[in-house]
Structures are given as structure tokens and as C-alpha cells.
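Letter by letter, the chains look like this.
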Amino acid sequence: MTITQPDLSVFETLESEVRSYCRSWPTVFDRAQGSRMYDEDGHAYLDFFAGAGSLNYGHNNPVLKRALIDYLERDGVTHGLDMSTTAKRSFLESFQNLVLRPRDLPYKVMFPGPTGTNAVESALKLARKVKGRESIVSFTNAFHGMSLGSLAVTGNAFKRAGAGIPLVHGTPMPFDNYFDGQVPDFLWFERLLGDQGSGLNKPAAVIVESVQGEGGINVARVEWLRALAELCERQDMLLIVDDIQMGCGRTGAFFSFEEAGIVPDIVTVSKSISGYGLPMSLCLFKPELDIWEPGEHNGTFRGNNPAFVTAAAALQTYWSDGPAMEKQTRTRGEQVEQALISITEENLADVKEYRGRGLVWGMEFHDKARAGRVAHRAFELGLLIETSGPESEVVKLLPALTITPDELDEGLRTLARAVRETA
């Protein structure tokens, strides 16, 4: 693939140094459809990034696009704060009928703002309000967002340092298999809770990702999640599951915690809930926790009605036929796993581990810098992949759930080549 030097001057001179993804993929993208993006020179890139998980149904999904265009062309409400609108009603009814009721989930729905970190902030705020306690327990290598409350329960030292002030009222505990199976689950956590001299303030809640995406594709066992839920109930702590990246079908089921058979007290959802990449987030919680005063938590852009339109269309299109979407995602996931097995067998001395669920997978190398080289070579070959983990040591695969088997095979072959050519 021959790539001419793109004109990046305006981005480099005017845009802040904080930009990141554009440094990994130094081209100017112009359009996108399905699982492919195209730069302004017409070069095609197969997308195994999917908007960091916000495009589970691909770029410019035609069904969602049609619903959005029709809504805009009839002058549907765009900005609605928390007013009642036909678009919001359609989404709430679809979400209730296609997601909550079939899973017997009792949740109330809160629209806290347009982004994932808005949902996390509202979850932490509600937990503290309900329990009357300040402390929140999170886990090693967790990532929950970039605002101050979310950073306080995030593990990554680089991201935490950007806060510029002490991050308080959060206590980290070991995530599943943090000690490589040498320590019983929750030994440290339970010991601290039961010891009056431990210095751990009684937590209001525990926040967890069932699969840590930014933390390196660390997959919690269902047994570990069940034990965590039981611990929270026994110790009078709320359980918050952050499903911002791993929800909306990414791991197979609509919610990533379904396989464990647990019902968290609070769930945060964002990224692909709108289906189209439009900003939208939800904070879901059990009815007895709904002790908010009117207007106690609000935000100007919590009523993004175009996002409600595409969200309802996504639910009606992909989640109205029972387990079909889940089965398809699991089948595609098996395809990825088989490819990663082959890559590992070809590179036994280099690959430390591969891991994942559904359509989120990671490959870790003994040489921590290798993942970055693989991602760079993949870009040169026309594949968009990112890295994750505390030292960017994991190649992260996050294709759209709607990717075809042929596209998936093409991308996996490109990945295998990128691994070989960076040896």
C-alpha cells in the first residue's frame, strides 16, 4: 500500500499536543462505511478499532443513517435537555422492551450527559448519596474516564497524573488473576474490610469492568464476578459495573455481566448505545436507589435526540430477534481466537498471551514495545488497530460486530503479517 504524505500542517500547528490517535494513524480520513475508512487520497483501511468501541454496528450503518436523516429532514427536536420528546420515548420503550424486560432487569434509566465519564461520575455520586459514605473501591488497571471522579478510580499512572491534584476517596484492589492465581480471590479486600486497624474507610461502592479494555484486555472470570457481587451484598456495598466499552453486545450478550448471572446495583453504558457514534450515555440503577432530587444532577447535552433516534433504530434492528446478535458475535469471536492461536504458534518465543471474549481481543508480547510496532506496521498495510495496557504492551482488536467473516479474515491475515514483519 503506497501512502503519499498527507497535509497535516493545520493539525500540527493549531491543534493541541494532547492529540493521540492521529499520531498513530498519520493520514487525513475523509469517509467511512461499514468496517472500512478511507483517507482523502482514496486509500482504504480495514477498521479493527470501531471508534474505540462506539461503532459496534459499523460506520454510517445504512439503517441507522436512514432513521437519522428522516428525523432531521422532518425537523425533529435536536437539543432537548431532559424534556419529554418523541425520540426519547421511542428509545425508552425500545430499551425497556428489547433489553431490560427480556433480561428481567429492573433498572431506572438516567441520562447523565453525552459521554461515558458523565455516566461514571453520576454513578459514583449516586452511590455516595445512597450510602452516605465517600470511599469507592476500584481495581488494578481499571479505566473509567478522564474527569476527576473517574480518574480517582482509574489505575493508569500516566492518566492519573494529568489530573494535577490529589485523586482521593478511591482505593484500588487486585483485579482477577492479578497475582497469577497464587492468592485466593478477595483475600486482601476481605481482610481490610474486617480489620478495624486496616485504615480502609467503609466503601459506598465497588466499580468494576468485566473486561478491562484500556487496561490490557483483562477478562474477569464469571466465578470472580459472582464472588464480587456476593461480597458487595454481604458487606453492604453497591456494585457498579462499568459497561461503557464492553456493553451493547461487545462480549456477546447485550451486557457483559450477563454470563455471570449477576444483577449489579448500578450500570454505566455509553459508546455504542447510540449505535451511530453520536454522544450518549446512560446510568442504570435499581429503583430503590433512585433518591435524586429533581435537577440534582443535570447537564445541557444529556438530551441528544438524534442519538436517541439511532439508538432506538439499533435496538430494533439488532436486538429484536432474541439471541441472534449474540450468537453471531460469539461465532466471529471464535474466528478471531483461532487466528490468534495460529499467530501464537508461529511466534511462540514472542507472544506472551492472547485473551478476550466476544469481539474484544488482545495479544500481549514479551517485548512491551512490540505491540506498538505491530500496530504501526498494520497501519502501513491498511489495518487500523490500537494498543492498550499500562505500557501499551497489548495489541487490541475491536472490530465492528457487523463485520463480515471475509473482512475479519482479511484483517486477521494482515495482523499475522504485521507480527511476522516486526519480529
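Enquirer: Hey, could you go over the nonpolar core for me, with residue numbers and the actual values?
Expert: By size, the foremost hydrophobic cluster in this structure holds 87 residues, and its most contacted members are F91, F95, F189, F255, I385, L397 and L415. For this core, the element with the most residues is helix 11 (residues 305–318), which contributes nine residues. In this structure, F91 is in contact with F111, I273, M280, L282, F308, A311, A312 and L315, ignoring residues within four places of it in sequence. Within the second largest apolar cluster, 19 residues are counted, among which are M110, V120, L124 and C283.

Enquirer: Quick one: what's the story with the sheet that holds strand 3 (residues 44–47), residue by residue and with numbers?
Expert: The pairing of strands in a sheet happens through backbone hydrogen bonds and is either parallel or antiparallel. Ordered by their spatial adjacency, four strands build an open sheet running 1-2-3-15, and the pairing between neighbours is mixed. Two strands bound the open sheet, and with one partner strand each, they are strand 1 (29–33) and strand 15 (383–384). Pairing between strand 1 and strand 2 (residues 36–39): four bridges, direction antiparallel. Bridged to R31 within strand 2 is Y38.

Enquirer: Outline the packing of helix 5 (residues 86–100) against helix 11, supporting the account with residue identities and numerical values.
Expert: Two numbers describe how helix 5 lies on helix 11: the axes approach to 8 Å, and their chain directions differ by 30°. Comparing their axes, helix 11 and helix 5 come out roughly parallel. Classified by chirality, the crossing of helix 11 by helix 5 is left-handed. Counted together, A87, K88, S90, F91, S94, F95, L98 and V99 of helix 5 and N305, F308, V309, A311, A312, L315 and Q316 of helix 11 form the full contact between these two elements. Here the contact of helix 5 with helix 11 is built from residues that sort into 10 nonpolar, four polar and one charged.

Enquirer: Residues and numbers for the packing of aromatic side chains, please.
Expert: The final tally for this structure, using the stated rule, is 19 aromatic pairs. On the basis of an interplanar angle of 15° and a centroid distance of 6.0 Å, the ring pair of Y21 and W25 is categorised as stacked. Residue Y21 is classed as partly exposed on the basis of its relative accessible area, which comes to 35%. Ring pairs connect the aromatic residues F91, F95, F111, F254, F255, F257, F308 and W319, which therefore count as one cluster. When the ring centre of Y38 is taken as reference, the NZ or CZ atom of R31 above it lies at 4.1 Å.

Enquirer: Run through a nonpolar patch on the surface, naming residues and quoting values.
Expert: Together, Y178, F179, V183 and L187 make up a nonpolar patch on the protein surface, roughly 340 Å² of accessible area in all. Looking at the secondary structure, you find L187 in helix 9 (residues 187–194).

Enquirer: An account of the pairing of strand 11 (residues 266–269) is requested, with residue identities and associated values reported.
Expert: Of the two faces of strand 11, the one carrying I266 and T268 and the one carrying V267 and V269 are both buried. Across three bridges, strand 10 (residues 238–242) lies against strand 11 in parallel orientation. Following the sheet pairing, V241 is matched in strand 11 by V267. Pairing of strand 11 with strand 12 (residues 282–285), which is carried by four bridges, proceeds in the antiparallel orientation. From the neighbouring strand, T268 faces strand 12, where its bridge partner is C283.

Enquirer: Account for the pattern of salt bridges, naming residues and giving values.
Expert: Note that side chains of opposite charge can pair when their charged atoms are close. All chains considered together, the criterion is met by 29 salt bridges. For the salt bridge of R373 with D367, the shortest nitrogen-to-oxygen distance reads 2.9 Å. A residue is classified by how much of its surface remains accessible, and R373, at 36% relative accessible area, is partly exposed. On the basis of relative accessible area, D367 is assigned to the partly exposed category, the value being 37%. Each of the salt bridges in this network shares a partner with another, and the network as a whole consists of K352, E353, R355 and E364.

Enquirer: Which residues make up the sheet that holds strand 17 (residues 394–397), and what values go with them?
Expert: Taking strand neighbours across the sheet as the criterion, the four strands line up as 13-14-17-16 in an open arrangement whose pairing is antiparallel. Taken across any chain shown, the strands that pair with only one partner, and hence form the sheet edges, are strand 13 (351–357) and strand 16 (386–388). Going across the sheet, the axis of each strand differs from the next one's by a mean of 30°, ignoring polarity. Strand direction decides the pairing type here: strand 16 and strand 17, joined by three bridges, are antiparallel. In the sheet register, E386 faces strand 17, and the bridge partner there is K396.

Parameters and conventions
- Each residue is numbered by its place in its chain's sequence as written, counting from 1.
- This being a predicted model, a pLDDT of at least 70 is required before a residue's local features are given, and a value of 80 or more before pairs of side-chain atoms are given or counted; all residues contribute to the totals for chains, interfaces and linings.
- To get the side-chain values, all heavy atoms of the structure are used, and hydrogens and water are removed first.
- We define a nonpolar core as any set of buried Ala, Val, Leu, Ile, Met, Phe, Trp, Tyr and Cys residues linked to one another through side-chain atoms lying within 4.5 Å.
- Categorising residues by exposure relies on relative accessible area from a 1.4 Å probe, with only protein chains included: less than 20% of the type maximum marks a residue as buried, more than 50% marks it as exposed, and the intermediate range marks it as partly exposed.
- Secondary structure elements follow DSSP: runs of H or I of four or more residues count as helices, runs of E of two or more count as strands, with numbering from the N terminus.
- The contact rule is simple, with two residues in contact once any of their heavy atoms fall within 4.5 Å.
- Strands pair, by our definition, only if DSSP identifies at least two bridges between them.
- Fitted lines through C-alpha atoms give the axes, limited to the stretch in contact for helices. The angle between two N-to-C directions lies from 0 to 180 degrees.
- Angles are sorted into four bins: roughly parallel if under 35 degrees, roughly antiparallel if over 145, roughly perpendicular if 65 to 115, and oblique for all others.
- Crossing handedness: left-handed means the near helix sits turned counterclockwise from the far one by under a right angle, and right-handed means the same turn made clockwise.
- Residues were grouped as follows: Ala, Val, Leu, Ile, Met, Phe, Trp, Tyr, Cys and Pro as nonpolar; Asp, Glu, Lys and Arg as charged; and all remaining residues, including Gly, as polar.
- Aromatic rings from Phe, Tyr and Trp, with only the six-membered ring used for Trp, were paired whenever their centres fell within 6.5 Å, and each pair was classed as stacked if the ring planes differed by under 30 degrees, edge-to-face if by over 60, and tilted otherwise.
- We call a charge positioned above a ring when the Lys NZ or Arg CZ atom is no farther than 6 Å from the ring centre and deviates by at most 35 degrees from the ring normal.
- Patch membership needs two things, relative accessible area over 30% and no salt bridge, and members are linked within 9 Å if like-charged or within 5 Å if nonpolar (Val, Leu, Ile, Met, Phe, Trp, Tyr).
- Per-residue and other accessible areas were derived by the Shrake-Rupley procedure at a 1.4 Å probe size, with only the shown protein chains allowed to occlude residues.
- What counts as a salt bridge is simple: a side-chain nitrogen of Lys or Arg found within 4 Å of a carboxyl oxygen of Asp or Glu.

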